[in-house]
Structures are given as structure tokens and as C-alpha cells.
There are 2 protein chains.
Amino acid sequence: MKSIHLKEISFSIIANIAKGIGHPHRLELLELVSQGSKSVEALAKEARMSFANTSQHLQRLKQLKLVTTKRQFTTVYYSIADASIPLLIKMLHQTAFNLSADFKHTLLAYQKEAKVKTITMDELASKDYLMIDVRPTEEYQFGHRAEAINIPHTKLSSSMNKLDKQKLIVAYCRGELCSYADKVVEVLTKVGYNAVRLKDIIMTKSA
Amino acid sequence: MKSIHLKEISFSIIANIAKGIGHPHRLELLELVSQGSKSVEALAKEARMSFANTSQHLQRLKQLKLVTTKRQFTTVYYSIADASIPLLIKMLHQTAFNLSADFKHTLLAYQKEAKVKTITMDELASKDYLMIDVRPTEEYQFGHRAEAINIPHTKLSSSMNKLDKQKLIVAYCRGELCSYADKVVEVLTKVGYNAVRLKDIIMTKSA
DNA sequence: TAAATATTCAAGTATTCAATTGAATACTAT
DNA sequence: ATAGTATTCAATTGAATACTTGAATATTTA
């Protein structure tokens with residue numbers, strides 16, 4: 001095989017993967033399934049896309065082998081196909097942030113407007129804190145930071161009494177575009193907790 | 001600003017970056033300018049694309065701020081716009097390799113057929129070797145591994161007498177799809193050198 | 001001002017992509 | 001066999017993309 005042939009085949013395949021994530025809907029769907037197996041219905045609802053459209057995009061992701069499926073009776077569960085995909089997407093976020101003044105500005109403006117303090121893992125190093133994962137419990141079970149407890153944002157009201165007001169509460173969710181943590185921090189701050197949002201999220205599979 | 005709005009804007013911007021690299025020609029052009037500033041003519045020639053097409057794709061990359069330009073008289077030099085881009089592309093290669101049996105098989109089959117031994121940095125740890133960068137000198141000057149000397153593949157014949165036959169010669173070029181290192185290793189092996197190709201390439205800017 | 005060199009732009013054509021609508025399929029329970 | 005639930009497929013329409021051809025532009029030199 002000539003090397004020019006290898007190059008052409010390879011670039012074609014690699015570019016096709018990039019093209020596959022080159023649509024906002026598919027990117028969002030991939031980020032959602034990175035957090036755990038989900039049904040088409042759940043994905044459509046979470047991403048606020050029409051059912052047929054969601055299914056179409058999922059077929060495209062499946063064709064590219066970015067996702068895998070598992071049917072349980074009538075329900076098909078979609079999962080991330082490879083551990084490198086979330087890393088790829090994270091890198092994509094980083095590059096977009098570096099390149100796009102619009103994106104950077106929009107993100108920073110939103111954070112300022114939301115009046116939610118953020119903190120990095122480095123900044124946390126010398127502090128005493130409680131870390132809470134505000135995603136749905138299935139996503140927590142799929143993988144979470146070892147030190148985090150799960151308080152789904154939908155159950156904040158009934159769970160917040162468990163929290164120590166003397167401690168710094170650090171909330172995280174799916175990624176920088178997920179607003180659950182913002183909402184939780186806002187509510188907790190209002191009732192007197194010292195709450196912040198974790199800035200950089202590095203998800204690990206639970207042991 | 002509503003969080004749903006932020007999400008939509010953000011995914012749109014991020015996905016657009018992915019779409020920008022979602023074409024084999026643009027991906028190749030980006031990999032080439034990652035190795036140093038290049039003119040349109042040089043890029044068209046290296047990538048074997050028509051001039052007009054090359055320019056069109058470069059305009060697209062420029063529009064997405066993936067590349068920057070600098071005009072010197074009549075010649076426009078294209079450069080990589082951000083250090084995260086080569087890392088993103090490398091991650092993309094990795095994901096494609098993991099997902100695509102075709103890609104993996106094609107790459108491994110080519111390497112087997114080329115009869116070129118490869119070696120990793122880890123495997124080199126305990127060995128005595130000479131590392132050679134076989135890219136054009138401008139690319140070497142732009143950035144290279146600190147321990148490498150530059151022997152452009154086009155100047156192998158006149159330079160190989162400088163090499164010690166007692167030492168292991170480790171060649172590298174632009175990335176896994178660049179065949180210059182394969183050719184150099186083939187030639188050196190034929191005339192009695194102990195030559196291999198470096199498997200994983202991690203480029204650093206020269207200090 | 002004109003020529004040379006390098007590059008970009010514009011338009012046409014063909015192809016691919018995305019969303020919607022509606023039909024078809026897969027599976028279980030009755 | 002039929003109904004219910006969930007999902008996928010197919011076709012259409014309109015938008016977006018890619019390549020080619022040829023014109024236009026940018027810059028320097030003479």
C-alpha cells in the first residue's frame with residue numbers, strides 16, 4: 001500500500017469522526033451519554049430535541065461507532081463507546097474557548113451574571129469542604145468523584161438539611177455548560193450556606 | 001441570560017470548530033501548519049490539492065480562527081492559531097484509532113507491509129540511541145525534540161555518513177501518517193544501520 | 001503604467017446534511 | 001392476533017458544503 005493511500009484513507013476516517021461531532025445536537029447527545037446510559041426518550045427530553053431528530057442523530061453517532069446500544073425490552077439504551085471520547089470533547093471545549101472570543105465572552109458573562117462563585121481543584125487543596133454531585137443518581141452511579149456525595153438538583157430542598165453550614169459546599173455537574181450546579185449554588189447561598197461551583201471537572205469512573 | 005441560551009450558543013460554537021476540522025483536506029492542512037508557517041503554494045503542493053481548493057479550505061480555517069496569516073510581500077504564510085489545536089487533533093487520531101477497526105487495521109497493515117520497526121519513548125528509556133528529525137529544516141526550527149538532530153529526508157544520501165552504525169537510529173517526522181520516517185528507516189536499514197521509527201510523537205517548541 | 005507572482009473571490013454544479021412528517025419495525029402483554 | 005410502547009426508517013424539502021473554472025485583487029519590480 002502506498003503511503004499516499006494510507007494518508008488519504010486515514011484523514012478521511014479521522015475527519016469523519018470530527019464531522020460526526022460537528023453538529024450541536026450530536027455534541028450534546030454525546031456529552032449526555034458520557035454521563036451514563038440513557039434512552040432515546042430521556043435524551044430527547046434532556047436535550048429538548050424532537051424525538052425523530054434525536055433518533056436520527058443517534059443513528060449517525062452509532063454509525064460512526066461513537067456510541068453503543070443495548071436494548072432492554074422496548075427501550076434502547078445509548079452509551080459512550082470509548083473512554084477517549086469525553087477527553088476529545090473536553091479538548092474541543094478548550095480549543096473553542098481559546099479561539100472564540102464569542103464563546104469565551106459568553107461563558108464568562110453568563111458566569112458573572114449568575115453570580116455564582118467558582119473554584120478550581122487547586123484552590124481547594126488547602127480547604128475543608130464538602131463536595132456534592134448534583135446530577136441524577138444514575139449518572140452519579142455511572143461515575144463520580146470519589147469524595148463527592150450525590151444530591152440531585154431535583155432533590156435539593158429535601159436534602160439540604162444534611163449539609164453543614166460551617167463547611168464550604170462545592171457543587172459540580174456534567175460540565176461547564178450544565179447549569180444544575182449554578183442553580184444549586186444559588187439556592188444554597190440564599191439560605192446561608194457557603195457554596196461554590198467546581199470549575200474544572202474531571203470525571204472518573206467509580207471503582 | 002438563560003442557561004438554555006448559553007448552552008445553545010456554546011454547543012453551536014464548539015460544534016462549529018469540530019465541523020471545521022471535519023474534512024480530510026482541512027485536517028491535513030492543519031497538521032501541516034502545526035509544523036510551522038507555510039505558504040498556500042507549499043501547502044497545496046505538500047497536500048497534493050488544487051491551488052484554488054487549498055485556498056478555499058484555508059479561508060474556512062481562517063474564518064474559524066484555527067489558523068492565522070502573515071503576509072510577506074506577495075506570499076501569505078499560514079500558522080496554527082493556538083497550541084491546543086495539535087493536541088485536539090492528536091486526541092482525534094486516538095479516538096479514531098480506538099473506534100474504527102478500518103483505521104486501526106489499515107494503519108497496522110501498512111506498518112507491517114512497510115517492514116519498518118517502531119519503538120516507543122518508554123522502550124527507548126534504557127537504550128543508547130541517536131534521534132533524527134527527518135522533516136524539512138524550517139519545521140525542525142519551528143519546534144523539535146531537544147535530543148534530535150535534523151536530517152531532512154531529502155538530504156539523507158549526503159548526510160548518512162554522519163551517522164554512527166554502532167548506534168540505534170530513531171527517526172521521526174510529523175505524525176503517524178507521515179511516511180518520511182518510514183522511507184528513511186528503510187534506506188538506512190538497507191545499508192546496514194540499525195534504524196527504527198519513533199511510534200508516539202510528542203512535539204515540543206524549541207526553547 | 002505594465003508585468004510578474006501569489007492569492008483570494010465569485011459563480012455554477014453536484015453532493016451532502018438536517019429537520020419534519022409519516023410509515024414501518026421491535027418487543028411485550030393480553 | 002392485536003394493542004401498547006418505544007424506536008427506527010424512508011422520503012421530501014431546503015440549506016449547507018465542496019470542487020472547479022475563471023475573474024479579481026494584492027504586492028513588488030522594472
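Residues numbered from 1 in each chain as written. Chains lettered and ligands numbered in written order. Predicted model: local features only at pLDDT ≥ 70, side-chain atom pairs only at ≥ 80, totals over all residues. Heavy atoms only, no water.

A. A look at the overall build of chain A. Check the secondary structure of chain A and you find 10 helices and eight strands. If you line up chain A on its principal axes, its C-alpha atoms span 65 × 45 × 35 Å. In chain A, which comprises 207 residues, the proportion classed as buried is 51%. Considering only residue pairs separated by 6 or more positions, chain A has 62% of its internal contacts joining residues 24 or more positions apart. Entry remark: accessible area of chain A is about 10,600 Å², with carbon and sulfur atoms responsible for 52%. Where the 30 positive side-chain charges of chain A centre and where its 20 negative ones centre are 4 Å apart. (Helix = DSSP H or I, 4+ residues; strand = E, 2+ residues; numbered from the N terminus. Buried < 20%, exposed > 50% of the residue type's maximum accessible area, 1.4 Å probe, protein only. Contact = heavy atoms within 4.5 Å. Areas by Shrake-Rupley, 256 points an atom, 1.4 Å probe, with all protein chains shown as cover. Lys, Arg positive; Asp, Glu negative; His and termini not counted. Charge placed at Lys NZ, Arg CZ, Asp CG, Glu CD.)

B. Just the pattern of salt bridges, in detail. According to the stated counting rule, one finds 16 salt bridges over all chains in the structure shown. The partner of Arg174(B) in a salt bridge is Glu139(B), and the shortest N-O contact between them spans 2.6 Å. Of this pair, Arg174(B) sits in the loop between β7 (168-172) and α10 (180-190) while Glu139(B) sits in helix α8 (residues 137-142), and the two are 35 residues apart along the sequence. As far as the burial class goes, Arg174(B) and Glu139(B) line up, both buried. The salt bridge partner of Lys190(B) is Glu186(B), with a shortest N-O separation of 3.9 Å. Here Glu186(B) and Lys190(B) lie together in helix α10, a separation of four residues that amounts to about one turn. Residue Lys190(B) is classed as exposed on the basis of its relative accessible area of 68%. A network of salt bridges, in which partner residues are shared, links Lys38(A), Glu46(A), Glu139(A) and Arg174(A). (Salt bridge = Lys/Arg side-chain N within 4 Å of Asp/Glu carboxyl O.)

C. Quick look at the nonpolar core. Counting 111 residues, the largest nonpolar core has Leu30(A), Ile132(A), Leu188(A), Leu30(B), Ile132(B) and Leu188(B) as its most contacted members. Apart from residues lying up to four places away in sequence, Leu30(B) is in contact with Ile21(B), Leu61(B), Leu66(B), Val67(B), Ile80(B), Ile85(B) and Ile89(B). Listed in part, the 12 residues of the second largest apolar core include Ile119(A), Met121(A), Ala148(A) and Leu168(A). (Core = buried A, V, L, I, M, F, W, Y, C linked by side-chain atoms within 4.5 Å.)

D. Looking closely at the relation of the copies chain A and chain B. Aligned on chain B, chain A shows an RMSD of 0.0 Å; the corresponding rotation is 180° and the shift along the axis is 0.0 Å. Put plainly, the chains are arranged around a two-fold axis. Mapped onto chain B, 100% of the interface residues of chain A are again interface residues, and the two copies thus contact each other with one and the same surface. (Least-squares fit on C-alpha atoms with pLDDT ≥ 70 in both.)

E. Looking closely at the protein's contact with DNA strand C. Inspection of the region around DNA strand C gives 24 residues, with Arg26(A), Asn53(A), His57(A), Arg60(A) and Tyr78(B) positioned closest. Counting only the atoms of DNA strand C within 4 Å of the protein, the fraction contributed by sugar and phosphate is 72%. Between DNA strand C and the protein, one listed contact pairs a phosphate oxygen with a side-chain N or O atom of His23(A) at 3.3 Å. At a separation of 3.1 Å, a base oxygen of DNA strand C approaches a polar side-chain atom of Gln56(A). (Near = heavy atom within 4 Å. Polar contact = N/O pair within 3.5 Å; in protein donor to acceptor, adjacent residues only side chain to side chain.)

F. Representation of the domain arrangement of chain A in the model. Residues and elements named next belong to chain A. One can read the domain layout of chain A as domain 1 (3-84) and domain 2 (113-198). Spacing between the C-alpha centres of domain 1 and domain 2 amounts to 29 Å. With six residues of domain 1 in contact, the opposing surface of domain 2 contributes five residues. Of the roughly 590 Å² buried where domain 1 meets domain 2, counting both sides, 41% is carbon and sulfur surface. For domain 1, the biggest contributors to the area lost against domain 2 are Gln-35, Lys-38 and Glu-46; these three give 67% of the whole. Linking domain 1 to domain 2 there are two salt bridges. The closest approach of N and O atoms between Arg-174 and Glu-46, which form a salt bridge, is 3.1 Å. Our count for the domain 1 to domain 2 interface comes out at five residue pairs in polar contact (both at pLDDT 80 or more). A class-by-class count of the residues in the side of domain 1 that touches domain 2 yields one nonpolar, three polar and two charged. (Domains from an automatic or database assignment. Buried area = accessible area lost by both parts, 1.4 Å probe. Nonpolar A, V, L, I, M, F, W, Y, C, P; charged D, E, K, R; others polar.)

G. Up close: the interface of chain A and chain B. In this assembly, 52 residues from chain A lie in contact with 52 residues from chain B. Of the roughly 4,700 Å² buried between chain A and chain B on both sides combined, carbon and sulfur atoms contribute 76%. Looking at the side of chain A facing chain B, the largest losses of area belong to Phe11(A), Ile14(A) and Leu99(A), adding up to 15% of the total buried there. Taking the shortest distance from any N to any O, the salt bridge between Lys7(B) and Glu28(A) comes out at 2.7 Å. Between chain A and chain B we count six residue pairs in polar contact (both at pLDDT 80 or more) in total. Of all the elements in the fold, those that place two or more residues in the side of chain A that touches chain B are α1 (3-20), α2 (24-33), α3 (40-47), α5 (84-99) and α6 (101-114) of chain A.

H. Layout of the packing of aromatic side chains. One pass over the full model with this rule turns up two aromatic pairs over all chains. Arranged with centres 6.2 Å apart and planes meeting at 85°, the rings of Phe97(B) and Phe103(B) form a pair that is edge-to-face. By relative accessible area, which is 0% here, Phe103(B) ends up buried. Here the basic side chain of Lys165(A) rests over the ring of Tyr193(A), its NZ or CZ set 5.2 Å away from the ring centre. (Phe/Tyr/Trp six-rings, centres within 6.5 Å; stacked < 30°, edge-to-face > 60°. Lys NZ or Arg CZ within 6 Å of the ring centre and 35° of its normal.)

I. Expanded view of the side chain of Glu139(B). Judged by its relative accessible area of 1%, Glu139(B) is buried. Leave out the neighbours within four places in its chain, and Glu139(B) touches Gln35(B), Lys38(B) and Arg174(B).

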